[in-house]
Amino acid sequence: MDLIFSTIQDGLFAAIASIGFGSISNAPWKTLKHCGWIAAVGHATRFLLMSLGLHIIFAVFAGAILIGYFSRTVSQRTGILFESIAFVSLLPMIPGMYAYRTMQSFISFIQSSGFAENAASIQMMSYNALMTLAIILMMAIGVMLVPKKRSL
């Protein structure tokens, strides 16, 4: 029961973030409600899969596939650009903590003076940078995997 509540809560916060990102990036107003629920589904999927033990990279990939699918479906039904929906819906899944830790490790590397400190900073910076890049790559691949339906 706690996992279900936490998953719903995660989806709700992702919806709020998506609507906020959409409103500050001048997304059309009629897209915001769609972006909100699509982001909620994608982010909640990521949260649930991670809670069940799946690695963040694969959980983000699964969430991005769902975001791509629902964005494509809404786009075809409403005539709103796919990119307008998908981009705003994906924004809450940006790996902010990994990017922040990358920069934090970089600053630590610059300020450190000993070899052991430098090695540890480089190791942390490399790990966090690679995680950031891998997550963003999986987001991009996942959302683009959903094919367009061809019209005759």
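Now for a description of the structure that goes with this document.

Bringing helix H6 (residues 115–144) into the picture now. For H6, with 30 residues, the first-to-last C-alpha span of 43 Å sits near the 44 Å given by 1.5 Å per residue. Those residues of H6 that sit buried are Ser121, Met125, Asn128, Met131, Thr132, Ile135, Met138, Met139, Gly142 and Val143. Buried residues along H6 sit against helix H3 (56–78), helix H4 (82–90) and helix H5 (96–111).

Even without a glycine there, the phi angle at Asn26 is positive, about 60°. Mapped onto the elements, Asn26 comes out in the loop between helix H1 (2–24) and helix H2 (29–51). Exposure remark for Asn26: the relative accessible area of 69% places this residue in the exposed category.

Scanning the entire structure with this criterion turns up two aromatic pairs. Summarising the aromatic geometry, the rings of Trp37 and Phe70 are spaced 5.4 Å apart at their centres and angled 65° between planes, so their arrangement reads as edge-to-face. Here Phe70 lies in helix H3 and Trp37 lies in helix H2, a separation of 33 residues in the sequence. Owing to a relative accessible area of 24%, Phe70 belongs among the partly exposed residues under this scheme. Relative to Phe70, the ring of Tyr69 has its centre 5.3 Å away and its plane inclined at 65°; by these criteria the two rings are edge-to-face.

Within the secondary structure, Phe106 sits in helix H5. Along the backbone, Phe106 and Ala64 are 42 residues apart, and their C-alpha atoms lie at a distance of 29 Å.

Interaxial distance between H2 and H4 falls to 8 Å at its minimum, and their mutual angle equals 50°. Compared by their axis directions, H2 and H4 come out oblique. Note that H2 runs across H4; the crossing there is right-handed. Within the contact between the two elements, H2 uses Cys35, Ile38 and Ala39 and H4 uses Ser84, Ile85, Val88 and Ser89.

Calculation notes
- Residues numbered from 1 in each chain as written.
- Predicted model: local features only at pLDDT ≥ 70, side-chain atom pairs only at ≥ 80, totals over all residues.
- Heavy atoms only, no water.
- Helix = DSSP H or I, 4+ residues; strand = E, 2+ residues; numbered from the N terminus.
- Expected span 1.5 Å × (residues − 1).
- Buried < 20%, exposed > 50% of the residue type's maximum accessible area, 1.4 Å probe, protein only.
- Contact = heavy atoms within 4.5 Å.
- Phe/Tyr/Trp six-rings, centres within 6.5 Å; stacked < 30°, edge-to-face > 60°.
- Axes fitted to C-alpha atoms, helices over the stretch in contact; angles between N-to-C directions.
- Parallel < 35°, antiparallel > 145°, perpendicular 65-115°, else oblique.
- Left-handed = near helix turned anticlockwise from the far one by under 90°.

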